[in-house]
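Residue-level structure breakdown
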Amino acid sequence: MTTADATAVQWPAWEDAAFYAQDPEPMYAAIAAQRNAAPVYWYEPPGYPTGLWILSKWEDQRFVGSHPELFSSRYGFAIGDASDPATVIGQLPEWAKQALGQENLTHAERRRFVAKGKLSMGDPDFEGLILSDPPRHGDIRSVLMKALRPSLVRSLRTRITEIADEFIARVEPEVETDFVTSVGQIPAALMTELTGVPPEMRERFIELASAQMLAITIDPNRDAAEVARIQGLVEEFHAYCNELLAERRASGGEGDDLASIIARSEFQGAPVPHGLAISFIHTFVNAGETTRALLSFVAMALAQHPDQRRLLVEHPELVANAIDETLRYYPLNWSGCRTATQDVEIGGQTIHKGDYVMMVYASANRDEDVWERPNEFDVTRSFDKDHQSFGYGEHSCPGALLARTDSTIIFERLLARFPDWDLAGPPGRWGTPFLQGMSSLPLRFHT
Amino acid sequence: MRVILDEQRCDAHGVCVDECPEVFALDDDDDVVRVLIEEPDESLREKVERAALICPKAAITIEG
Ligand code: HEM
Ligand code: SF4
């Protein structure tokens, strides 16, 4: 087996948040070095109880994504889920601590308790889509798709445009403006409104949802004060979501908002179970935060590539493509993990039953076998083959249409108002090995 | 050539319709995409293959 020492470039420290915070150029050089030398690589993160397979190639990831019967989602979906439970136990709720105390658990079972523990916010009945397998996964997903159905998303275009114009009208030219908390706020405003959060609670809700984004990734290196801060916010978030749902159930769920749709939906002939309904409410509110991150990367990429921005001003019909190019170039969800349900051979390596597999979507997005000039940002790029930034197959992102619709409208409107902007200072980043986003993006807009 | 759609998987976001409207269709109130021609003509093979490749849910398979 090839080892890291065999190459001049040091290979990625996949478990380490700091790896993802460095300059893109050396980072992608490290990723490419591993992809080319060892596309299916057994990696042992320091401090982890066992290793995991790193899948770097687009083709291999497509195989895994379309074979949920070979690669289960039940046993974790992010690298941190495979941490030594002892190092993250403080970030888990009571029920998960107890479950992890049982003897003779397999690595896979431990990962499940860690993964479900961090998402559940103390609720042992919590059921997330990303931690389920077919056939139940399809049944759960079709309930969510009732709320995210394409006809509904298409009908939102007018409302999205109104909200976008309202926020963009508040942006002043020629002064330093933080994109993340101005234009970046639009999807969160939209999602809280759609979900049915009362207007007076929306701002707090949005604050809480950003803490939830951090909680999705468990990280042994997080310090105790940060863990406590996140936990406090997340508990409040969960309590608000519970309240909202209880209120909709009590009132019969007759409204048009997403919480009402979930409250009156059925799952296998009965009302949607609480643990499932609550995970959907989390999803809606988080959707505002992931889309905020996407918008921020688009705004940054267009500040860094003025020629590409000018192209969009001249050809607004390219904006949708520019959104996908940004997703490819600056992915938010860096990777997705699965657990092998039986021995499978990929790229000449035998992946054993129970092994954890990480598909590095960001690597597939730069795979030389799929992309011409992979390190170039090109808004005219053809996407005959899709990037991996929304995942692929059974668990591919159900919010992709909504995210693309939002972002396209927002940048069409923004470019029509401000054809030009540049960076007014260094961007602030937040990130975990699973999710990347921006805490601030100082821009100066020009008319 | 035979087009097989896994309805359980389909999200109805309609990417396949953009690639090959001759074979796939989606009305505003459809929950799954409709296959208009189950056994399309060979001349449509390239387009159908593109649709199957781009479908994010891997819901389309082609037999034959
Ligand atoms: C804005 C940019 C977004 C990006 C880049 C993104 C990315 C992703 C990715 C990569 C996955 C697959 C994870 C895996 O393979 O393990 C995923 C799944 C998911 N996303 Fe998104 N997402 C975005 C927005 C949204 C929105 C707007 C919603 C909801 C309205 C949403 C809801 C979900 C859900 C529920 C899943 C789990 C699906 C399943 O397991 O079947 N996402 N997303
Ligand atoms: S692209 Fe796939 S998931 Fe989307 S509508 Fe077509 S078949 Fe369904």
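Below or above, wherever it landed, is the structure these notes cover. (Residues numbered from 1 in each chain as written. Chains lettered and ligands numbered in written order. Predicted model: local features only at pLDDT ≥ 70, side-chain atom pairs only at ≥ 80, totals over all residues.)

1. Looking at the overall build of chain A
Along its length, chain A carries 18 helices and 14 strands. For 447 residues, the compact-globule estimate of 2.2 N^0.38 gives 22 Å, and chain A sits close to it at 21 Å. Once the C-alpha set of chain A is aligned to its principal axes, its extents read approximately 60 × 60 × 40 Å. Expressed as a percentage of the 447 residues in chain A, the buried residues total 48%. The long-range share in chain A, meaning contacts at least 24 apart out of those at least 6 apart in sequence, stands at 74%. (Helix = DSSP H or I, 4+ residues; strand = E, 2+ residues; numbered from the N terminus. Rg over C-alpha atoms; globule rule 2.2 N^0.38 Å. Buried ≥ 20, exposed ≤ 12 C-beta atoms within 10 Å, placed from the backbone. Contact = placed C-beta atoms within 7 Å.)

2. Observations concerning unusual backbone geometry
Residues Pro134 of chain A and Pro135 of chain A are joined by a peptide bond in cis, for which omega reads 0 degrees. Mapped onto the elements of the fold, Pro135 of chain A is located in the loop between helix H6 (107-120) and helix H7 (136-147). Residues other than glycine seldom take positive phi values, yet Ala58 of chain B does so here, at roughly 50 degrees. Along the chain, Ala58 of chain B turns up in the loop between helix H2 (45-54) and strand E4 (60-63). Judged by C-beta crowding, with 20 C-beta atoms within 10 Å, Ala58 of chain B ranks as buried.

3. Looking at the site of ligand 1
All names here are of chain A. The environment of ligand 1 is formed by 23 residues, the closest being Ala287, Gly336, Gly391, Cys397 and Gly399. Breaking the shell around ligand 1 down by element, the ones donating at least two residues are helix H14 (274-304) and helix H18 (400-417). Take the shell around ligand 1: its biggest share by element is six residues, from H14. Residues that form the shell around ligand 1 fall into these classes: 13 nonpolar, nine polar and one charged. (Near = placed C-beta within 6 Å. Nonpolar A, V, L, I, M, F, W, Y, C, P; charged D, E, K, R; others polar.)

4. Things to note about the sheet that holds strand E3 (residues 71-72) of chain A
Residue and element names in this part refer to chain A. Spatial strand order, E1-E2-E10-E7-E3: five strands in an open sheet with mixed pairing. Strands at the two margins of the open sheet, each flanked by one partner only, are strand E1 (40-43) and E3. As paired strands, strand E2 (residues 52-55) and strand E10 (residues 356-360) are joined by three bridges and run parallel to one another. Along E10, the bridge assignment pairs Leu55 with Met359. (Pairing = 2+ DSSP bridges.)

5. A word on the environment of His315 of chain A
Tracing the sequence through the fold places His315 of chain A in the loop between helix H15 (306-314) and helix H16 (319-329). Expressed as a C-alpha distance, the spacing of His315 of chain A and Leu55 of chain A, which sit 260 residues apart in the sequence, is 37 Å.

6. Quick word on H14 of chain A
Between its terminal C-alpha atoms H14 of chain A stretches 45 Å, which fits the 45 Å expected from 31 residues at 1.5 Å a residue. Of all bends in H14 of chain A, the biggest is about 30 degrees, found at Asn286 of chain A. (Expected span 1.5 Å × (residues − 1). Bend = angle between axes of the 7 residues up to and from the residue.)

7. Notes on the packing of helix H11 (residues 202-215) of chain A against H14 of chain A
Residues and elements named next belong to chain A. Here H11 crosses H14 at 90 degrees, and the two axes come no closer than 9 Å. Here H14 runs roughly perpendicular to H11, going by the angle between their axes. Facing Phe205, Ile206, Ala209, Ser210, Gln212 and Met213 of H11, the residues of H14 in contact are His282, Val285, Asn286, Gly288 and Glu289. For the contact of H11 with H14, the class distribution of residues is five nonpolar, five polar and one charged. (Axes fitted to C-alpha atoms, helices over the stretch in contact; angles between N-to-C directions. Parallel < 35°, antiparallel > 145°, perpendicular 65-115°, else oblique.)

8. Focus: the environment of Ala320 of chain A
Residues and elements named next belong to chain A. Along the polypeptide, Ala320 turns up in helix H16. Classification of Ala320 by C-beta neighbours within 10 Å gives partly exposed; the count is 17. Ala320 has contacts with Arg404 and Thr408, leaving out every residue within four places of it along the chain.

9. Points about the pairing of E10 of chain A
Residues and elements named next belong to chain A. Within E10, five of the five residues are buried, which leaves the element mostly enclosed by the surrounding structure. Side chains of E10 alternate between two faces, with Tyr356, Met358 and Val360 and Val357 and Met359 buried alike. For strand E7 (residues 335-340) and E10, the ladder comprises five bridges, and the chain directions are antiparallel. Opposite Ser335, over in E10, you have Val360 as the bridge partner.

None of this, on its own, says anything about what the molecule does.
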